[in-house]
Amino acid sequence: MSVDQAPSSTDDIEMGPVDYIVVEFPESRMTGEGLPLLVDLVDRGLIRILDLVFVTKDLDGVVHGIAVADLDGDGELDLAVFEGAASGLLSDDDIAEAGEVLQSGSSAGILVYENTWAAPFATAIRRGGGQLVASGRIPFDALVEAATSDDPSSTSDH
């Protein structure tokens, strides 16, 4: 598509589903262990980070944005690769809402990301007239419970 041609509709825009997660670190114990794996997902083109915000909830229950430089204490700036990851999708209200689920004295990372691996499939579905009407996640504990259960019916729809 040339720069002069605009997509005929939003159905032609290649974009994968966008998800968000809020990961809590009780007592603000962030090690940074997951950051290299997050970078790897981006480097392999599986996801695109749209927003990444870190917050802390003090003992009085007030939520503050935090700047985290060296999570694992190795002297290197762990988050430099994520600098500028701010699409504007996360509002102050979204951050406050995420803070409501945190325990006092904890910190969290709020991540909004596009599933770029699914973009061609999602685009084809939209062009074909399909639309997402529901989605969800099965919690890890439910997967473990189903996998370790002696009851074969426990793996049916939840």
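- Per an unreviewed UniProt entry, the protein carries the name DUF6325 family protein and comes from Nocardioides renjunii.

### Overview of the overall build of the protein
So, step 1. The number of helices and strands found in the protein is 4 helices and 4 strands.
So, step 2. Taking all 158 residues of the protein together, the buried fraction comes to 26%.
So, step 3. Long-range contacts, defined as pairs at least 24 residues apart, comprise 79% of the intrachain contacts of the protein with a sequence gap of at least 6.
So, step 4. Entry remark: accessible area of the protein is about 11,000 Å², with carbon and sulfur atoms responsible for 55%.

### A closer look at the nonpolar core
So, step 1. With 9 residues, the main nonpolar core is built from Leu50, Val55, Leu90, Ile95, Ala98, Leu102, Ala108, Ile110 and Val112.
So, step 2. Mapped by element, the contributors of at least two residues to this core are strand 2 (48-57), helix 2 (92-100) and strand 4 (107-114).

### As for helix 3 (residues 119-127)
So, step 1. Of the residues making up helix 3, those classed as buried are Ala119, Ala122 and Thr123. Down the axis of helix 3, the smallest arc covering the buried residues is 100°, so these residues share one side.
So, step 2. Where the residues of helix 3 are buried, they touch strand 4.
So, step 3. With its phi angle positive at about 95°, Gly129 sits one or two positions after the end of helix 3.

### Considering the pairing of strand 2
So, step 1. For strand 2, the tally of buried residues reaches 8 of 10 residues, placing the bulk of the element in the interior.
So, step 2. Summarising the sheet, strand 2 and strand 4 pair through 8 bridges and their orientation is antiparallel. Within strand 4, the position partnered with Phe54 by the bridge is Gly109.
So, step 3. Bridge count between strand 2 and strand 3 (residues 63-65): 3 bridges; the pairing is antiparallel. Following the sheet pairing, Lys57 is matched in strand 3 by Val63.

About the thresholds
Residues numbered from 1 in each chain as written. Predicted model: local features only at pLDDT ≥ 70, side-chain atom pairs only at ≥ 80, totals over all residues. Heavy atoms only, no water. Helix = DSSP H or I, 4+ residues; strand = E, 2+ residues; numbered from the N terminus. Buried < 20%, exposed > 50% of the residue type's maximum accessible area, 1.4 Å probe, protein only. Contact = heavy atoms within 4.5 Å. Areas by Shrake-Rupley, 256 points an atom, 1.4 Å probe, with all protein chains shown as cover. Core = buried A, V, L, I, M, F, W, Y, C linked by side-chain atoms within 4.5 Å. Arc of directions from axis to C-beta. Pairing = 2+ DSSP bridges.

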